[in-house]
Amino acid sequence: MAHDKRPLSPDIQIYRPQLTSVLSISHRVTGIALSVGALLLVSWLLAAAAGPQAYSSVQGFMRSWLGLLLMFGWTFSLFFHLCNGIRHLVWDAGYGFELGTIYASGWTVVAASTALTVAAWFSSFVVMG
Amino acid sequence: MRSPLGRARGLGSAREGVEHWWMQRVTAAALIPLTLWFVASLIALTGSDYNAFIAWLKAPFVAILMVLLLIALFHHMALGLRVVVEDYVHSDRAKIPTVVAIRLVCFALAVVGIFATLRIAFDG
Amino acid sequence: MFIRSSDQLPSVTALKRFPVPRNFNVSTESRIERGKTWHAPAGATRVKKFEIYRYDPDSGQNPRIDTYEVDLDTCGPMVLDALITIKNEIDSTLTFRRSCREGVCGSCSMNIDGTNWLACTRFISDTAEPATIYPLNHLRVIKDLVPDLTQLFAQYSLIEPWLQTTTPEPEKERLQSPEDRGKVDGFYECILCFCCTSGCPSHWWNGDRFLGPAVLLQSYRWLVDSRDEAAGDRLDDLEDPFRLYRCHTILNCTRTCPKQLNPGKAIAAIKKMIVQRRS
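Residues numbered from 1 in each chain as written. Chains lettered and ligands numbered in written order. Predicted model: local features only at pLDDT ≥ 70, side-chain atom pairs only at ≥ 80, totals over all residues.

Student: Account for the overall build of chain C, naming residues and giving values.
Tutor: Of the regular secondary structure elements, chain C holds nine helices and eight strands. Residue burial in chain C is summarised as follows: out of 279 residues, 41% are buried. Contacts in chain C between residues far apart in sequence, at least 24 positions, make up 67% of those at least 6 positions apart. (Helix = DSSP H or I, 4+ residues; strand = E, 2+ residues; numbered from the N terminus. Buried ≥ 20, exposed ≤ 12 C-beta atoms within 10 Å, placed from the backbone. Contact = placed C-beta atoms within 7 Å.)

Student: Tell me about the domain arrangement of chain C, and please be specific about residues and values.
Tutor: Residues and elements named next belong to chain C. Considered domain by domain, chain C is made up of domain 1 (28–147) and domain 2 (150–164 + 175–276). Between the C-alpha centres of domain 1 and domain 2 there is a distance of 30 Å. On the side of domain 2, eleven residues touch domain 1, which itself brings 14 residues to the contact. For the side of domain 1 that touches domain 2, the element with the highest residue contribution is strand 5 (residues 115–118), accounting for four residues. (Domains from an automatic or database assignment.)

Student: A description of the interface of chain C and chain B should follow, citing residues and the corresponding values.
Tutor: Tallying the contact residues gives 22 residues for chain C and 16 residues for chain B. Counting residues per element, the ones that place at least two in the side of chain C that touches chain B are helix 2 (150–158), helix 5 (201–206), helix 7 (231–238) and helix 9 (263–276) of chain C. Of all the elements, helix 2 of chain C adds the most residues to the side of chain C that touches chain B, at six residues. Of the residues in the side of chain C that touches chain B, the class split is nine nonpolar, five polar and eight charged. (Nonpolar A, V, L, I, M, F, W, Y, C, P; charged D, E, K, R; others polar.)

Student: Help me get a handle on the nonpolar core, residues and values and all.
Tutor: Of all hydrophobic cores here, the largest spans 83 residues; its most connected members are C:Ala119, C:Ile133 and C:Leu216. With seven residues, the top contributor of residues to this core is helix 6 (residues 213–223) of chain C. Looking at which domains feed residues into this core, each of domain 1 (28–147) and domain 2 (150–164 + 175–276) of chain C gives three or more. Residues within four places of C:Ile133 in sequence aside, it is in contact with C:Phe50, C:Ile52, C:Tyr53, C:Met110, C:Ile112 and C:Leu145. Listed in part, the 23 residues of the second largest apolar core include A:Ala49, B:Ala72, B:Leu73 and B:Cys106. (Core = buried A, V, L, I, M, F, W, Y, C linked by C-beta atoms within 7 Å.)

The following block contains the structure:
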């Protein structure tokens, strides 16, 4: 059929990234990253239940450079998904849909998640001594 | 060769979908205080050894919150991943088994996590 | 950085497009190739380049990007004026929809510099150099900048956009207080240009089943009309994991509406109504 041979106009290849779409896809990506983190959480609890040897091997991995990198990524994902999740809940209640508010709340989420990540890691170092 | 309206109407409205949407929001709301508690606890536990961790998790309050966190987390995760799969996977043959598998795996992981927590809480 | 209204242009461009290959995930017949360049006549002083998507269904070739150099002294201020100048003076095969030239009919909606807007209300001075013009996104292209909107209009007719009542017709008009009439403000003004729907990523991936912001805005317009008596049936038809719930509040729609309407808000209100009726 002639219709099927018609080309499809480009979409993601040419559409301009805006705060709206970028924060939305980030919410999804951080959600998926946290899902992987949940697996690690369960393996951590299981290792703790298994005994000190299993636990120390998991802790050893967490302290390696790869483990620390993953933890940093996980904490940022957590705070971003949390803050943007609250922004979503506010929308679901029906508030905050004016474009000015959408942009202001979006930038607030970016700033807050960065600040919370930095604060969490800083506090962690302080506790370690 | 369907008419455009026939194609748009498809198989009609499923007349459901709000339950999934609602539970996603309910688990999200529950996860706000639970994750904040969890992160704060992790920070407080930095650098502590195995015994300190077990002593922390044995406390009834902590064990209960951990179980609640696992339930809310895996339910929220299963619902969220289902939406992601439905968005990007369009063939029924791939989509339906994947969605079912995600649900079952999340349930199993939640059970494993709860078992581990209760194991520590009750004998440790 | 801080956008207050959809007609506000961004002051900073960090990324012009998502970091994917130019022909990412594109079928063979949709791959875009390099086209020709039409240079400005000699003696032209204010020259502006337009890179425009071209597709000729009779040639059997793939779509391409043609570059036109337009002398702005011979052309009106809007992007539509440039397209008309190109068609009149440079290349008469350029094809696009247009009618009112004042932003009320919705015909000339297209993707200009990466976002969807009406060509007749976009100033040339507000476009990039070169300005890039594509048809509305993720739609079958009939020719050049003319997309096939059949499916979008079919989705519109699916929601039955007319007054539905069981109460017999009154002798004169159905009465409506100013407050009730006010509830429809911000929704009846939609000109069905489909800038929002074609800019919605969820509609790109699931456009066969997801109704999209324009159609959902219109269904809200009828849900909230105090004279309509079929709200329950309308909500029954909307409550579907794909028809309504593919909306993930991405909000590209509100960002791009050339009439400053808010489809995101309307969709959130529909979701609230569905929760309300079961609590």
